[in-house]
Amino acid sequence: MSKARGNLVEGAVTFVIGLGVWLFTGDVEIPVFTLTKVGVVMMCVGGALVAAGLWQGARRRT
């Protein structure tokens, strides 16, 4: 698997898991941090990985 495809897959999985955490942990309280914010951070990281994968894929083709 190429690095671009790996970043795309890893980013998509991270984004989906972050979306699930953001949607379904609104009423869960833990003392250290808010899980909905963790979900948003995971979605941002996943989006950045997808963007990097798209950039690497486009750069490789040219």
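Bear in mind that the values here come from a model prediction, so they are computed numbers and not experimental data. (Residues numbered from 1 in each chain as written. Predicted model: local features only at pLDDT ≥ 70, side-chain atom pairs only at ≥ 80, totals over all residues. Heavy atoms only, no water.)

## What about the UniProt feature "transmembrane region" (unreviewed entry) in the chain?
Logical step 1: Listed under "transmembrane region" (unreviewed entry) in the UniProt record, and renumbered for this structure, are residues 7–24 and 30–55.
Logical step 2: Across residues 7–24 one finds 100% helix and 0% strand; the C-alpha atoms that close the span lie 25 Å apart.
Logical step 3: Across residues 30–55 one finds 81% helix and 0% strand; the C-alpha atoms that close the span lie 37 Å apart. (UniProt positions renumbered as here; feature names shortened; annotations may be inferred. Helix = DSSP H or I, 4+ residues; strand = E, 2+ residues; numbered from the N terminus.)

## With respect to a nonpolar patch on the surface
Logical step 1: A surface patch of nonpolar side chains, amounting to about 420 Å² of accessible area, comprises Met1, Val9, Val13 and Ile17.
Logical step 2: Along the chain, isoleucine 17 falls in helix H1 (residues 3–24).
Logical step 3: A relative accessible area of 44% places isoleucine 17 in the partly exposed class. (Patch = residues over 30% accessible without salt bridge, like charges linked within 9 Å, V, L, I, M, F, W, Y side chains within 5 Å. Areas by Shrake-Rupley, 256 points an atom, 1.4 Å probe, with all protein chains shown as cover. Salt bridge = Lys/Arg side-chain N within 4 Å of Asp/Glu carboxyl O. Buried < 20%, exposed > 50% of the residue type's maximum accessible area, 1.4 Å probe, protein only.)

## Considerations on the environment of leucine 8
Logical step 1: Residue position: leucine 8 is located in helix H1.
Logical step 2: As a C-alpha pair, leucine 8 and glutamine 56 span 48 residues in sequence and 9.7 Å in three-dimensional space.
Logical step 3: Apart from the residues lying within four places of it in its own chain, the contact partners of leucine 8 are Leu49, Val50, Gly53 and Leu54. (Contact = heavy atoms within 4.5 Å.)

## Focus on H1
Logical step 1: The end-to-end C-alpha distance of H1, which contains 22 residues, comes to 31 Å, matching closely the 32 Å that a straight helix rising 1.5 Å per residue would cover.
Logical step 2: Those residues of H1 that sit buried are Ala4, Asn7, Gly11, Thr14, Gly18 and Val21. One side of H1 holds all its buried residues, which, seen down the axis, span an arc of 120 degrees. Facing away from the buried side of H1 by more than 90 degrees, the exposed set consists of Arg5, Val16 and Phe24. (Expected span 1.5 Å × (residues − 1). Arc of directions from axis to C-beta.)

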